[in-house]
Amino acid sequence: MQPGTGGFAEVYAEHVTPVWRYVRLRVPADADAEDVTSQVFERAIRSWSGYDGTRGSVGGWLMGIARHTVADWWRRHGRELPTDLAASGLGEGVADDDPEGEALRRLGADEVRRRLGHLTAREREALALRFGSELTSPQIAELLGITPSAARMLVHRAVGRLREVMGDE
Amino acid sequence: MSDDELLDAEIAAVLGGTGRPDGDPTLTWLAASARTTPPPDLVARIGAGVRRRAQRDRPGRLLSVVALALAAVFVSQAIGNVVAGDWIAENIGEPNGPHAYFEGALALMAAAACAAAAAVRRSWAPVSVLSASPLAVSLGLHGVGEFGVFAAGAVLHTTEGVLGILLAWAWWRDRRRSRT
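Residues numbered from 1 in each chain as written. Chains lettered and ligands numbered in written order. Predicted model: local features only at pLDDT ≥ 70, side-chain atom pairs only at ≥ 80, totals over all residues. Heavy atoms only, no water.

### Thoughts on the overall build of chain B
Scanning chain B from N- to C-terminus turns up eight helices and zero strands. For chain B, the C-alpha radius of gyration of 29 Å lies well beyond 16 Å, the compact-globule estimate for 180 residues. Seen along its three principal axes, the alpha-carbon backbone of chain B occupies a region of about 90 × 45 × 20 Å. For chain B, buried positions account for 39% of its 180 residues. In chain B, the share of contacts with a sequence separation of at least 24, taken over all contacts with a separation of at least 6, comes to 68%. On chain B, roughly 10,100 Å² of surface is accessible, and the fraction owed to carbon and sulfur atoms is 64%. (Helix = DSSP H or I, 4+ residues; strand = E, 2+ residues; numbered from the N terminus. Rg over C-alpha atoms; globule rule 2.2 N^0.38 Å. Buried < 20%, exposed > 50% of the residue type's maximum accessible area, 1.4 Å probe, protein only. Contact = heavy atoms within 4.5 Å. Areas by Shrake-Rupley, 256 points an atom, 1.4 Å probe, with all protein chains shown as cover.)

Following this line, the structure appears as structure tokens:
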């Protein structure tokens, strides 16, 4: 796929669903996911002329933008979350420095996001990429800057942890 | 196969719809929970944004017409050089040089492609103007010597010169309009 706004219409049509699914697993509410998904495509179309097909797939490029946009969203909205989250008692066994996980556990609009909130940020990211965007382990590895076997192990650990969370309920 | 490789294969099967019915319920649940359809109004909103952006990169009609006209004139000169070299040489009173005519024709075809680019995308227009306009104006000035000598050549080169200037003007006008 070569840069050009015409080509971007095809990219958008093909990738809007995986981007939406990834983003939805990463933020607490669907309304937030809609905002973030819109921002992802606004950013993508602005930088489409700079996309270099030799450096990776267009899907990977879009997911990179999605990851940064989600991170920016949390930077902006993390401060606006209720201040009693830390004292909610829902964060047992989870690192204290994970406000995103805390917010998902507390404010997640559905079961899947509340359960993902019990995972570490890295595990959550891996599962959102594997199950939301349906990327393969090598693609996840490329995005996260790790080896494919490390990506597989990360997903393995995350699924194991999710089983524990579901078992504890 | 290691545990993580087995799990990876099982996830791929679940996502691909070929998972075993008695497979891991966590994977089945996670795949089903993640597979939601984006809201139609979100898809429509993003689609509208993409289309707006696409229109912004579409050059105006005048710029497109001038760019295509200049490209057509370059192409016609290139073809004339190749198929009517004898006739041109005879009319301008110079010896025929098929080799130079052929290579000149190739260069003109390349210039035609550059000129036509402005008709495809607004963002390509500066390249068209920088490459095609100076050549067209130069050919126009060079054609002054053919007035009264070779009418067809004089008309062709004058047309090129005028279109070269028009291309630069149309690009400048198109830029101004796209910003308002």
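### Describing the packing of aromatic side chains
Counted under the stated rule, the structure contains eight aromatic pairs over all chains. For the cation-ring pair, A:Arg115 lies above B:Trp29, with the distance from its terminal atom to the ring centre recorded as 4.6 Å. (Phe/Tyr/Trp six-rings, centres within 6.5 Å; stacked < 30°, edge-to-face > 60°. Lys NZ or Arg CZ within 6 Å of the ring centre and 35° of its normal.)

### Examining the interface of chain A and chain B
Interfaces are often described in size by the accessible area the parts lose on coming together. Between chain A and chain B, the residue contacts involve 36 residues of the former and 33 residues of the latter. Surface buried jointly by chain A and chain B totals about 3,100 Å² across both partners, of which 65% is contributed by carbon and sulfur atoms. Counting the surface chain A buries against chain B, the share from its top three residues, A:Tyr12, A:Phe131 and A:Arg152, is 20%. At the junction of chain A and chain B, the tally comes to six salt bridges. Where A:Glu134 meets B:Arg35, a salt bridge forms, and the shortest distance between an N and an O atom there is 2.7 Å. For the pair chain A and chain B, the number of links is 11 residue pairs in polar contact (both at pLDDT 80 or more). (Buried area = accessible area lost by both parts, 1.4 Å probe. Salt bridge = Lys/Arg side-chain N within 4 Å of Asp/Glu carboxyl O. Polar contact = N/O pair within 3.5 Å; in protein donor to acceptor, adjacent residues only side chain to side chain.)

### Topic: the packing of helix 2 (residues 30-46) of chain A against helix 3 (residues 40-56) of chain B
Axis separation between helix 2 of chain A and helix 3 of chain B bottoms out at 10 Å; the angle between their running directions is 20°. Looking at the two axes, helix 2 of chain A sits roughly parallel to helix 3 of chain B. Where helix 2 of chain A crosses over helix 3 of chain B, the two elements pack in a sense that is right-handed. In this structure, helix 2 of chain A uses A:Glu34, A:Thr37, A:Ser38, A:Phe41, A:Ile45 and A:Arg46 to contact helix 3 of chain B, whose residues at the interface are B:Asp41, B:Leu42, B:Arg45, B:Ile46, B:Val50 and B:Arg53. For the contact of helix 2 of chain A with helix 3 of chain B, the residue count by class is five nonpolar, two polar and five charged. (Axes fitted to C-alpha atoms, helices over the stretch in contact; angles between N-to-C directions. Parallel < 35°, antiparallel > 145°, perpendicular 65-115°, else oblique. Left-handed = near helix turned anticlockwise from the far one by under 90°. Nonpolar A, V, L, I, M, F, W, Y, C, P; charged D, E, K, R; others polar.)

### A word on the confidence of the model for chain A
Residues and elements named next belong to chain A. In this model, chain A carries an average pLDDT of 85, and 86% of its residues clear a pLDDT of 70 or more. Ranking the helices and strands of chain A by mean pLDDT puts helix 6 (residues 121-132) first, with 94, and helix 4 (residues 99-107) last, with 85. For the stretch residues 1-5, pLDDT sits under 50, and the model shows 18 contacts to residues farther than four places along the chain or on other chains. With pLDDT under 50 throughout, residues 86-95 is counted as low confidence; its partners more than four residues away or in other chains account for 12 contacts. (pLDDT = per-residue confidence, 0-100.)

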